[in-house]
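Results of the structural survey
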Amino acid sequence: MNDIITNCRLKNGFGQSMQTTSTVQTNVQQQPSPTKKQLSPDHPNPAAPITEIPSPAMSRMGWALRTLLVSDNTSCLKDRKVGGKFIRKCAPGTELVEWLLNLSPIVHTRTQAAGMWQALLEEGVLCHVAKEQPFKDKCFLYRFKSDEDGTAGGGPTSDDVSHANDHIREALPALLHRGPDATLRMILRKPSHERTQEELELVYEELLHIAALSHLSTSIKRELASIIVFEAHAHAGTVLFNQGDEGRSWYILLKGSVDVVIHGKGTVATLKEGDDFGKLALINDAPRYTVMSGTPQKMLEHLLETRLGGQAGPNDPFLDDFLLTHIVFMPTPLLIDELAANYHADADIDLRQASDEDQEYFLTSKRRVVQFIQRWVLAVRHAVFDDPLAVEFIEELATDVEAEPALQEEASIIHHVLTQLSRYQEDRQMNATQKWKLPPNGQPICLFSGNTHSKTVIRPDDDIIFRVYCADHTYCTLRFPMATSAEVIKACAADKLQIARLPDDLLLVEVKSSGERVVFKDNDVSIPTALSLNGRIFVSPKDHLDALTPLPEQEVPTDAPDVDFEALSTKDVAYHMTLFDWDLFWAVHEYELLYHTFGRHHFNKITSNLDVFIRRFNEIQYWVVTEIVSTTNLTKRMSLVKKFIKLAAFCKEYQNLNAFFAIVMGLSNTAVSRLSLTWDKLPSKFRKLFTEYEALIDPSRNHRAYRMSVGKLQPPVIPFMPLLLKDMTFAHEGNKTSLDGLVNFEKMHMMAQTMRAVRFCRSRHLVLDPPSPKNENEIRNYIRCFRTIDNQRVLNSMSQKVEPRRS
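No experiment lies behind these values; they were computed from the predicted model shown. (Residues numbered from 1 in each chain as written. Predicted model: local features only at pLDDT ≥ 70, side-chain atom pairs only at ≥ 80, totals over all residues. Heavy atoms only, no water.)

Looking only at helices and strands, one finds 31 helices and 20 strands in the protein. Of the roughly 38,100 Å² that the protein leaves accessible, carbon and sulfur atoms contribute 51%. (Helix = DSSP H or I, 4+ residues; strand = E, 2+ residues; numbered from the N terminus. Areas by Shrake-Rupley, 256 points an atom, 1.4 Å probe, with all protein chains shown as cover.)

Okay, structure coming up:
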């Protein structure tokens, strides 16, 4: 990488320039060979458009903005004389920025406004008068393309102005969201020496979230920020380079797709957004990381030989990747067998006749297995101790190690592991009688056994009490361990409800409040915790599935403490919500993300702690909507919206991002966003704050705004769990688990990255300054059980009642 960066530094601003073209891939370029044709353009002109013609959306936006500017006699768009030339309808960048700031309350900063104008400039809707500058918040003159080429026509009519105003109201948020991307592209089209320190920092933050660069160190990414460039290829069929050409660029595909064509075979692959190519052609010696694929046994052997005993580099994640994901490709029984074989490699050898080198080899093998056990327990914690085979192996290993005088250091390590095991087993024994309950009114799961320990983990052998219904809404109450399969539950429920059908003719089904039916697989586990907020478990013959309907109480709010939310301190509520949510997050093991992604039935493992944490997100989101649409008084409803925005602010301050997202998404729900009378009455300060929060949760560019924000935080953090699960699903569905019979370890690395993010978020304990003790118990009880309706049809209907649609 250092050679690439050095060459690129010479080319990008400090060497001879190359021919330019416009660009859609971000790429890392090398110094061109004088004997080869140029395969990748140098920096294109950042003042030029990246498209030949603007998109219809941007053309329409340009028309609307120009119409409003021209119709305002006091606006900055005027005919001016520049350098002896008469320029029609132009304006300085500074005045265009100020005009846009005054146009709409959603535009808060000059940086945002400049980015919006740059988005128009990069599509050719706006242009610098001399075609020399991208958009800058300076006294450079800009004009609309229609004024430059004389197609603007006469002055706008009153109807034009009305239509322009309507369009601005609808489409300006989309332009606001395009601004940051346009600004980034503009920076990437500038030579290195023209990029300011602030611009380099912005590019660096973007590079943190590109999967293709995830294995590179921080210092390398900072170097790349100065030499990475942007290319746009507008025409389908453009050839980036030909088979056999010398490699010049490493491409990362930001938008669109690239076909890989091999002579005689045609298109062999199509690369999508996020894929990269051309890297291997740039690098003669492959980097030390990593194992790309291999058999489980060979990977473990390679790991023991190269990654233990202090051999691994600080940025080498191979060992941690293996420990976090081995259950996917190497179940614990197989891993134990392989570790035992490595530890007892001398079993058939007479050590008295072995050479000193052989004896040292066998001792080293034993040391590495012990070190592996230590790292395994450190990486996945109690998951090792939950497996009887692993516990038996550790105890046998301890006996062998203690009997070997040359392994005194390893004996100390294994003794520490046994101490951790003993403490864990004592804790399990204390909580062996844990019971849980899924209340019939759809409340979140709450511990009711009287256990006062926080961070209580739901375990597979914990009992849970729940109801199972049949088509006529009669029910039976069952009590089973959490790990009980759907097959067992449906058989028992059918027997109690006297449904005379064979087990193979029965289904276990969730019926949601919307009427949607979700059928469980027979080998599914942790069924009661996997339900939606207001879902119910039904048992039904296969041919009666269509007869299942929601219970009447599924369309009304869940039971909750009768507390006036308006009377409670917003900060106190956020504090206790964060403590409660932290305990739920703490209980989620990283493995549960794998079980959830690949399917619980593949592992026969529960995902109950993750289920409850996801359920909490949905509960907060629908609580916000339910409370607002249940409030008939307009003033009180506005006050409630304001209180929820303040609650989101406090949750963000406490770094409870899961609750922050849930609250903002609740306020963005269609049943709430349509309440125009309520929002119009809201003070502008809170409207602006909410717009900022909406921008932060904006899903565009794979939630870039959120990722950049959370990337700057230090733990403890309660992350936005649905996005982490989305990352896991994307890595799983976009990559095969095995390639030609070998484990695709690149996929395991991607999944381990997300699991490490969970670990990082709770790498420090949550310590918050407690608020006043006033109403403490009341608030604590209130936040554990919110009043919710999760049927969107019902919520929309309630919204229409409190604010009927205006004609």
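This brings us to unusual backbone geometry. In the segment running from P715 into P716, the intervening peptide bond is cis, with an omega of 5°. Residue position: P716 is located in the loop between helix 27 (700-710) and helix 28 (721-733). You will see that R381, though not glycine, has its phi angle at about 55°, which is positive. Residues other than glycine seldom take positive phi values, yet Q498 does so here, at roughly 60°.

Counting 154 residues, the largest nonpolar core has F372, W376 and L667 as the members making the most contacts within it. It is helix 21 (residues 608-629) that contributes the most residues to this core, eleven residues altogether. Contact partners of W376, with chain neighbours within four places excluded, come to L323, H326, T332, L335, I336, R381, V384, A390 and Y591. Membership of the second largest hydrophobic core comes to 34 residues, among which are L69, A91, I168 and L172. (Core = buried A, V, L, I, M, F, W, Y, C linked by side-chain atoms within 4.5 Å. Buried < 20%, exposed > 50% of the residue type's maximum accessible area, 1.4 Å probe, protein only. Contact = heavy atoms within 4.5 Å.)

So, on to the sheet that holds strand 19 (residues 738-739). Taken in spatial order, the three strands make up an open sheet running 11-20-19, and their pairing is antiparallel. If you trace the sheet from one side to the other, it starts and ends with strand 11 (293-294) and strand 19, each paired once. Where strand 11 lies against strand 20 (residues 742-744), two bridges are found, and the strand directions are antiparallel. Paired with S293 across the strands is N744, a residue of strand 20. The sheet strands contacting helix 29 (residues 745-761) are strand 11 and strand 20, and the helix crosses strand 20 at an angle near 35°. (Pairing = 2+ DSSP bridges. Axes fitted to C-alpha atoms, helices over the stretch in contact; angles between N-to-C directions.)

The next subject is the pattern of salt bridges. Counted according to the given criterion, the structure contains 41 salt bridges. Ionic pairing is found between R381 and E590, a salt bridge with its closest N-O pair at 3.1 Å. Of the two residues, R381 is situated in the loop between helix 13 (356-380) and helix 14 (382-385) and E590 in helix 19 (residues 590-598); the sequence distance between them amounts to 209 residues. E590 sits in the buried class, given a relative accessible area of 1%. We note a salt bridge from D522 to K490, for which the minimum N-O separation is 2.9 Å. Of this pair, D522 sits in the loop between strand 17 (517-519) and strand 18 (536-541) while K490 sits in helix 17 (residues 486-496); the two residues are 32 residues apart in sequence, bridging distant segments of the chain. The buried category is assigned to K490, whose relative accessible area is 3%. Salt bridges linked by common partners bring D320, D321, R381, E590, R756, R759 and R762 together as one network. (Salt bridge = Lys/Arg side-chain N within 4 Å of Asp/Glu carboxyl O.)

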